[in-house]
Amino acid sequence: MTQAEIATAVQAILLRHFHISPEQFGWDKPLDVLHEDFKLLGYLVFLEQLLHQQFGKKIPLLENCSTAIHTAEDVVDLIMREL
């Protein structure tokens, strides 16, 4: 899978499942800026589950991601390292 394909999938998951509008979305915005509920651990757990379903591999977000710092682009980079 290419980085562009992974990025498209991550963006689709964030827009569809976390009710982020395309206008709000930015690759360089921390996750909790994209949606303030990412400050809740459950949102990160849900994202990790969705990524597992999408890519068929556990993506360790909880261990490697701080929603106040990490961006959607960082999530794509992590997925690239794990796949």
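Our structure is the block above this text.
Report follows, based on the coordinates. (Residues numbered from 1 in each chain as written. Predicted model: local features only at pLDDT ≥ 70, side-chain atom pairs only at ≥ 80, totals over all residues. Heavy atoms only, no water.)

Some remarks on unusual backbone geometry
Threshold: Here a helix means four or more residues in a row that DSSP labels H or I, a strand means two or more in a row labelled E, and each is numbered from the N terminus. Only protein chains enter the calculation, and the probe is 1.4 Å; a residue is then buried if its accessible area is under 20% of its type maximum, exposed if over 50%, and partly exposed in between.
Positive phi values are uncommon outside glycine, yet H19 reaches one of about 50°. Mapped onto the secondary structure, H19 falls in the loop between α1 (3–17) and α2 (31–34). Classification of H19 as exposed rests on a relative accessible area of 66%.

As for the environment of T2
Mapped onto the secondary structure, T2 falls in the segment before α1. Under the relative-accessibility criterion, T2 is labelled partly exposed at 41%. When the C-alpha atoms of T2 and M80 are compared, they prove to be 8.4 Å apart, with 78 residues separating the residues in sequence.

Re the packing of α1 against helix α5 (residues 72–82)
Rules: Whenever a helix is involved, its axis is fitted only over the stretch in contact; in every case the axis is a line through C-alpha atoms, and angles between N-to-C directions fall within 0 to 180 degrees. Angle categories are assigned with fixed cut-offs, so that under 35 degrees is roughly parallel, over 145 is roughly antiparallel, 65 to 115 is roughly perpendicular, and the rest are oblique. Handedness of a helix crossing follows the sense of rotation of the near helix relative to the far helix, less than a right angle counterclockwise being left-handed and clockwise being right-handed. For this analysis, residues touch if any pair of their heavy atoms sits within 4.5 Å. Residues are grouped as follows: nonpolar covers Ala, Val, Leu, Ile, Met, Phe, Trp, Tyr, Cys and Pro; charged covers Asp, Glu, Lys and Arg; every other residue, Gly included, is treated as polar.
Closest axis-to-axis distance for the α1/α5 pair is 10 Å, and the angle between their directions is 130°. Judged by the angle between their axes, α1 and α5 are oblique. Our pair here, α1 against α5, has a crossing hand that is right-handed. Residues Q3, I6, A7, V10 and L14 of α1 touch α5, and the partners they reach there are A72, V75, V76, D77, I79 and M80. Looking at the contact of α1 with α5 residue by residue, the class counts come to nine nonpolar, one polar and one charged.

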